[in-house]
Amino acid sequence: MNFVTMLEQISSGMLKTILIFFLTLLFSLPLGWIIAFGRMSKNKILSGITGFFISVLRGTPLMLQLVVVFYGPYFLFKWSITNWRFPAIIVGFSINYAAYFAEIYRSGISAIPVGQYEAAHILGYTKIQTFFKIILPQVVRIILPAVTNEVITLVKDTSLAFTLSYMEMFTITKQIASAQTTFMPFAIAGLFYYIFNLLISFIMRRLEKRLNYY
Amino acid sequence: MSEKNIYLEMNNIKKSFGDLQVLKDISLKVHEGEVLSIIGPSGSGKSTLLRIATMLETMDSGSIKYMDEEACTSKNGEMHYAKPHELREIKKNFGLVFQSFNLFPHRTVIHNLTDAPIHVQKRNKDEVLSEAKALLLKMGLSDKEDYYPSQLSGGQQQRVAIARALALKPKVLFFDEPTSALDPELTGEVLKVIKALAEEKMTMVIVTHEMSFAKNISDRIIFMDKGVIAVEGTPDDVFNSNNSRMNEFLGKLSHE
Ligand SMILES: Nc1ncnc2c1ncn2[C@@H]1O[C@H](COP(=O)(O)OP(=O)(O)O)[C@@H](O)[C@H]1O
Ligand SMILES: [Mg+2]
């Protein structure tokens, strides 16, 4: 196999890696808010269940969660899982990352002084206005560094999709490397993850600067 | 004074935190155009009283009326509140200036002033903006419109907070120790602004530790001690009272 073919094959995996990355963010960032609100609910049962859910997702390997999400429907309901591989990856990643984001959101919200809520309340803001106009903009700034860390981890974690033999970049890289007995694919893959993360850090730093207006 | 409209009436307010009874049957009235100061040792329940008046805190029993509209009252040991939309209307009657300013740090000074009038009261933008600018002028902060709160001194921040409260045109303005968080050299500028409001006959209830200020601007003073109103009257009455707790309180202050 020549270098160009190798690169072509790895590139097709790269696109899938990028797709996993963006779809996971697309679903987990909002889902994290729902989980965070469940966790912060005054309803003890809801917050207890959500807390347990979060601790399981953070306390077990993502690899294991992916396997459970993928094979679960078959073992539990005997459903066919032939078209479930890619969705399962997105579901698994999204739920796992949502749990981490939820805890980040929660810590950000608890960093807002109660005086902000009281001032908003006295000024007549509704609860929804208070959240979106007063609390959320401040929370976003507080949590951005922590979110950046998770996003960078996600770039690397996409490689865990190999557990379900999904043909993203890392799975392909491993196959080529063992078939061709060459180290080159790993170098290419490593370089890709590294550059991807440089780009992400750059964007997030720009965003942090933009949000540092006050 | 009695012929003037009663803006706020609180009757038989009782409040406990756990076993600690913080307010023991407090009643007071605030009339149109009146400046009422509340003084007393820390822990006597002044903030709690203001927080109940502004409905940031619930009470165990008692009643509150603004402009003769009942906000809440207790019957047979249970609190009854006005309907949510009525409460919203009643709450428009007052504003509150906090000890710790509580400005919105992510909004500029002008936005801190205009956001609630525009988005809560749904008033005309241009009108709100020009009123807000006039308020800042009055507060001596015209050049700070586009600053963020963190770029201002404490005294400036508190003046913005006062302007923000005034932008909603409240009938009654409450202050909870508005200068306690400030360096001594910055209290003067805030007190001056409050004094100017008093001269315009703004109705105000001010919790303060600034005795000469209270004496100077108040129509009436309440001295609170251990959850009760121990002395109440004109500044002269209160400062010349022979109430032993009052004298002890003033004595302690003069030794500080
Ligand atoms: N949310 C609360 N929970 C428990 N105790 C409180 C709370 N708020 C105030 N207290 C207590 O109530 C008493 C009166 O407090 P406060 O009204 O703040 O007094 P002041 O403003 O006169 O200093 C104090 O002993 C205080 O510790
Ligand atoms: Mg207090």
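Here the structure is shown first, and the text comes after it.
These numbers come from a predicted model, not from an experiment.

### A closer look at the overall build of chain B
Along the backbone of chain B there are nine helices and 11 strands. Against the 2.2 N^0.38 benchmark of 18 Å for 256 residues, chain B shows a C-alpha radius of gyration of 18 Å, consistent with a compact globule. If you line up chain B on its principal axes, its C-alpha atoms span 50 × 50 × 40 Å. Across the 256 residues in chain B, those meeting the buried criterion constitute 55%.

### Re the packing of helix H1 (residues 3-40) of chain A against helix H2 (residues 44-59) of chain A
Residue and element names in this part refer to chain A. At a minimum axis distance of 6 Å, the contact between H1 and H2 shows a crossing angle of 130°. In terms of orientation, H1 and H2 fall into the oblique class. Here Ile35, Gly38 and Arg39 of H1 come into contact with H2, specifically with Leu46, Ser47, Thr50, Gly51, Phe53 and Ile54. Taken together, the residues of the contact of H1 with H2 break down into four nonpolar, four polar and one charged.

### Digging into the pattern of salt bridges
Think of it this way: side chains of opposite charge can pair up when their charged atoms draw near. In total, this model carries 17 salt bridges over all chains according to the counting rule given. Among the salt bridges present, the one from Glu103 of chain A reaches Arg106 of chain A, with a minimum N-O distance of 3.3 Å. Of the two residues, Glu103 of chain A and Arg106 of chain A both sit in helix H4 (residues 85-110), three residues apart, roughly one turn of that helix. For Glu103 of chain A, a relative accessible area of 18% corresponds to the buried category. On the basis of relative accessibility, which here comes to 27%, the residue Arg106 of chain A falls in the partly exposed class. Here Arg220 of chain B makes a salt bridge to Glu232 of chain B, at a shortest N to O gap of 2.6 Å. One end of the pair, Arg220 of chain B, is in strand S10 (residues 220-225); the other, Glu232 of chain B, is in strand S11 (residues 228-233), with 12 residues separating them in the sequence.

### Notes on the pairing of strand S1 (residues 6-17) of chain B
All names here are of chain B. One ladder, built from nine bridges, connects S1 with strand S2 (residues 20-31); its direction is antiparallel. By the bridge assignment for S2, Ile13 is matched with Ile26. Linking two consecutive strands that pair antiparallel, namely S1 and S2, is a turn of two residues; a positive phi of about 60° is found at Gly18 within it. Note that S1 and strand S4 (residues 61-66) share five bridges and pair antiparallel. If you follow Lys14 over to S4, its bridge partner there is Ser61.

### What to know about the sheet that holds S1 of chain B
Residues and elements named next belong to chain B. Here five strands make up an open sheet; going across it, the order is S2-S1-S4-S5-S6 and the pairing antiparallel. The open sheet is flanked by S2 and strand S6 (78-81), the only strands paired with a single partner. The average angle at which neighbouring strand axes cross in this sheet is 15°, direction not considered. With respect to the sheet, helix H1 (residues 46-53) is in contact with S1, S2 and S4, its orientation differing from that of S1 by roughly 120°. Along the sheet face, helix H2 (residues 84-91) touches S4, strand S5 (69-75) and S6 and points at about 120° away from the line of S5.

### Side note on the pairing of S4 of chain B
Residues and elements named next belong to chain B. Among the six residues of S4, five are classified as buried, and the element is accordingly described as predominantly covered. When S4 meets S5, the two strands line up antiparallel, connected through three bridges. Pairing of Ile64 across the sheet is with Cys72, part of S5. Linkage of S4 to S5, two consecutive antiparallel strands, is achieved through a turn of two residues, within which Met67 is found at a positive phi near 45°.

### With respect to the packing of aromatic side chains
Per the counting criterion, the structure on display carries 25 aromatic pairs over all chains. Here the aromatic rings of Trp33 of chain A and Tyr105 of chain A are separated by 4.0 Å at their centres, their planes lie at 15°, and the arrangement is stacked. Here Trp33 of chain A is found in helix H1, whereas its partner Tyr105 of chain A is found in helix H4, with 72 residues between them in sequence. With relative accessibility at 16%, the residue Trp33 of chain A sits in the buried group. Ring geometry for Tyr125 of chain A against Phe104 of chain B: centres 6.0 Å apart, planes inclined by 85°, an arrangement best described as edge-to-face. Highlighted residues: Tyr125 of chain A in the loop between helix H5 (114-122) and helix H6 (127-157) and Phe104 of chain B in the loop between strand S7 (94-97) and helix H3 (109-119), drawn from two different chains. With a relative accessible area of 4%, Tyr125 of chain A lands in the buried category. Among the aromatic side chains, those forming a connected cluster through ring pairs are Trp33, Phe37, Tyr97, Tyr100, Phe101, Tyr105, Phe131 and Phe132 of chain A.

### Quick notes on the interface of chain A and chain B
Put simply, an interface is often sized by how much accessible area is lost when its parts join up. Each side of the interface is counted separately: chain A has 18 residues, and chain B has 24 residues. Together, the buried faces of chain A and chain B total about 1,900 Å²; carbon and sulfur atoms form 61% of this surface. Counting the surface chain A buries against chain B, the share from its top three residues, Glu118, Ile122 and Leu123 of chain A, is 33%. Between the two partners, chain A and chain B, sit two salt bridges. In this structure, Asp115 of chain B engages Lys133 of chain A in a salt bridge whose closest nitrogen and oxygen atoms are separated by 3.4 Å. For the pair chain A and chain B, the number of links is 12 residue pairs in polar contact (both at pLDDT 80 or more). Every element with two or more residues in the side of chain A that touches chain B is listed here: H5 and H6 of chain A. At seven residues, H5 of chain A tops the list of elements feeding residues into the side of chain A that touches chain B. The residue inventory of the side of chain A that touches chain B, partitioned by class, reads nine nonpolar, seven polar and two charged.

### What to know about the environment of Gln116 of chain A
Checked against the element boundaries, Gln116 of chain A lands in helix H5. C-alpha of Gln116 of chain A to C-alpha of Leu199 of chain A: the two residues are 83 residues apart in sequence and 35 Å apart in space.

### Points about the site of ligand 1
Residues and elements named next belong to chain B. Inspection of the region around ligand 1 gives Phe17, Leu20, Val22, Pro41, Ser42, Gly43, Ser44, Gly45, Lys46, Ser47 and Thr48 as its neighbouring residues. At 2.8 Å from an oxygen atom of ligand 1 is found a side-chain nitrogen or oxygen belonging to Ser47. In isolation ligand 1 offers 550 Å² of accessible surface; the protein chains occlude 58% of this area. Looking at the shell around ligand 1, the elements with two or more residues in it are S2 and H1. For the shell around ligand 1, the element with the most residues is H1, which contributes three residues. Class assignment of the residues belonging to the shell around ligand 1 gives a composition of four nonpolar, six polar and one charged.

What counts as what
- Residues numbered from 1 in each chain as written.
- Chains lettered and ligands numbered in written order.
- Predicted model: local features only at pLDDT ≥ 70, side-chain atom pairs only at ≥ 80, totals over all residues.
- Heavy atoms only, no water.
- Helix = DSSP H or I, 4+ residues; strand = E, 2+ residues; numbered from the N terminus.
- Rg over C-alpha atoms; globule rule 2.2 N^0.38 Å.
- Buried < 20%, exposed > 50% of the residue type's maximum accessible area, 1.4 Å probe, protein only.
- Axes fitted to C-alpha atoms, helices over the stretch in contact; angles between N-to-C directions.
- Parallel < 35°, antiparallel > 145°, perpendicular 65-115°, else oblique.
- Contact = heavy atoms within 4.5 Å.
- Nonpolar A, V, L, I, M, F, W, Y, C, P; charged D, E, K, R; others polar.
- Salt bridge = Lys/Arg side-chain N within 4 Å of Asp/Glu carboxyl O.
- Pairing = 2+ DSSP bridges.
- Phe/Tyr/Trp six-rings, centres within 6.5 Å; stacked < 30°, edge-to-face > 60°.
- Buried area = accessible area lost by both parts, 1.4 Å probe.
- Polar contact = N/O pair within 3.5 Å; in protein donor to acceptor, adjacent residues only side chain to side chain.
- Near = heavy atom within 4 Å.
- Areas by Shrake-Rupley, 256 points an atom, 1.4 Å probe, with all protein chains shown as cover.

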